[in-house]
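Remarks on the overall topology
Below are the chains, spelled out letter by letter.
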Amino acid sequence: MNSVLALLTTLAFALPMAVPGGDAARPTLGAHTLLGVGEGLGVTPAVTQAIATQPSGSSLLVLYGGYSANDATPVDSYANRWKSVGGMPYGNGYGDRFDVKAYVVTAARGGASHTVRIDKRGNAPGEISIPFVEVRNATVLRDVAKTYADPALEVVSGNVTTTGPATLVAVWWGDGGVKRMTAEPGDGFATIDRFTDLPDESGVQVAVASREVDGPGTYHVTWTAAPVQGAMLFLFAFQSR
């Protein structure tokens, strides 16, 4: 009997224990993908590549850029309810024909073969780009910054403020009439997806980057892009609580 109790005690100390607010609760970048469809090549619905997300405990982010007339709310394969967090129309002479929209789900349902679709009821063949990002161990969108930067070699996002460990997701949407470009993030961010070599038919240029931070603070991201163009800059801060 004593030997059994000793074994159980040894096992109890050997097993990892969840510590509230510890590393197990830290938000981290999860699965992600980006769909880029050239002008005249699209169909409806536009559907992202399938990714494997967590069954629970994640936040999801989707943005899509293209024709403003394609204004449907995202639908995903796990029937989550998406909340709009705003967007921006393109400048640079495009008028109101093109824009970018952003949506999130906190405390999402997920699993294998997770896809997002956009019903393109306004312009089915039109160009569209759709980043789809999972942030694990995150149930709060703590802050969002949206900035339209004038053309420059370096463009700077707005600031987001965190109250604890967070995963930051930055998205650059260039507005220039170019088909080959670079867009590189600084300030500790790393690129996770990009659509910056566009097809001959044209497309919607976009780059996505992320950074994980350890605690409270105020953060931004500087993008270096060539050739010079204006850009819509989104920055999201996700936390576990």
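Residues numbered from 1 in each chain as written. Predicted model: local features only at pLDDT ≥ 70, side-chain atom pairs only at ≥ 80, totals over all residues. Heavy atoms only, no water.

1. What about the side chain of Ser68?
Filter applied, for reference: Secondary structure elements follow DSSP: runs of H or I of four or more residues count as helices, runs of E of two or more count as strands, with numbering from the N terminus. Buried residues are those whose accessible area, probed at 1.4 Å on protein chains only, stays under 20% of the maximum for their type, while exposed residues exceed 50% and partly exposed ones sit between those limits. Identification of polar contacts relies on pairs of N or O atoms within 3.5 Å, with a donor-acceptor requirement for protein atoms, meaning one able to donate a hydrogen and the other able to accept it, and with residues adjacent in sequence counted only if both atoms are side-chain atoms.
Mapped onto the fold, Ser68 is located in the loop between strand S3 (58-67) and strand S4 (75-76). Residue Ser68 is classed as buried on the basis of its relative accessible area, which comes to 18%. At 2.8 Å, the side chain of Ser68 forms a polar contact with the backbone oxygen of Asp96.

2. Concerning the pairing of strand S8 (residues 128-136)
Moving residue by residue along a regular strand, the side chains alternate between the two faces of the sheet. Here is the rule we go by: DSSP bridges decide pairing: two strands pair if at least two such bridges lie between them.
With 8 of 9 residues buried, S8 is to be regarded as a mostly interior element. Pairing of strand S1 (residues 28-37) with S8, which is carried by 8 bridges, proceeds in the antiparallel orientation. Of the residues in S8, the one forming a bridge with Thr33 is Phe132. Bridge analysis of S3 against S8 gives 7 bridges, and the strand direction is antiparallel. Residue Gly66 lies in a different strand from S8, and its bridge partner there is Ile128.

3. Examining the sheet that holds S4
If you walk across this open sheet you meet the 3 strands as S2-S7-S4, and the pairing is antiparallel. Of all strands in the sheet, those with a lone pairing partner are strand S2 (46-47) and S4, marking the two edges. Inspection of the sheet shows S4 paired to strand S7 (residues 116-118) by 2 bridges, in the antiparallel sense. Paired with Val75 across the two strands is Arg117, which belongs to S7.

4. Remarks on the environment of Ala25
Along the chain, the position of Ala25 falls in the loop between helix H1 (2-14) and S1. As for Ala25 and Asn137, which are separated by 112 residues in sequence, their C-alpha atoms are 5.9 Å apart.

5. Focus: the nonpolar core
Rule in force here: Side-chain atoms within 4.5 Å link the members of a nonpolar core, which is a set of buried Ala, Val, Leu, Ile, Met, Phe, Trp, Tyr and Cys residues.
Membership of the largest hydrophobic core comes to 49 residues, with the highest contact counts inside it found for Trp172, Trp173, Trp223 and Phe234. Ranked by residues supplied to this core, first place goes to strand S16 (residues 222-239) with 10 residues. Formed by 17 residues, the second largest nonpolar core is a distinct cluster that contains Ala31, Tyr64, Trp82 and Val105.

6. What about the confidence of the model for the protein chain?
Definition in use: Values of pLDDT, the confidence the predictor places in each residue, fall between 0 and 100. In this analysis, two residues are considered to be in contact whenever any of their non-hydrogen atoms come within 4.5 Å of each other.
On average, residues of the protein chain score 91 in pLDDT, and 90% of them are at 70 or above. Across residues 1-22 the pLDDT falls below 50, and counting only partners more than four positions away or on other chains, this stretch makes 1 contact in the model.

7. Considering the pattern of salt bridges
To keep things clear, this is the line we draw: Every case where a carboxyl oxygen of Asp or Glu lies within 4 Å of a side-chain nitrogen of Lys or Arg is listed as a salt bridge.
Under the definition given, this model contains 6 salt bridges. Among the ionic pairs, Asp214 bridges to Arg26, the shortest N-O distance being 2.9 Å. Of this pair, Asp214 sits in the loop between strand S14 (206-213) and strand S15 (217-219) while Arg26 sits in the loop between H1 and S1, placing them 188 residues apart in sequence. Between Arg194 and Glu184 there is a salt bridge whose closest N-O contact spans 3.2 Å. Here Arg194, found in strand S13 (residues 190-195), pairs with Glu184, found in strand S12 (residues 182-185); they are 10 residues apart in sequence, far enough to count as distant.

8. Brief notes about the side chain of Asp99
Structurally, the position occupied by Asp99 is in strand S6 (residues 98-108). Looking at Asp99, its side chain comes within polar contact range of the side chain of Lys101, at 2.7 Å. Ignoring any residue separated from it by four or fewer positions in sequence, one finds Asp99 in contact with Tyr64, Gly65, Gly66, Tyr67, Ser68, Met88, Pro89 and Tyr90.

9. Description of the packing of aromatic side chains
Where we set the bar: Planes of paired rings set the category: under 30 degrees apart is stacked, over 60 is edge-to-face and the rest tilted, where pairs are Phe, Tyr or Trp rings (Trp by its six-membered ring) whose centres lie within 6.5 Å.
A complete count under the given rule lists 5 aromatic pairs for this structure. Summarising the aromatic geometry, the rings of Tyr94 and Phe98 are spaced 5.5 Å apart at their centres and angled 75° between planes, so their arrangement reads as edge-to-face. Taking 6.2 Å as the distance between ring centres and 10° as the angle between the ring planes, the aromatic pair formed by Phe234 and Phe236 counts as stacked.

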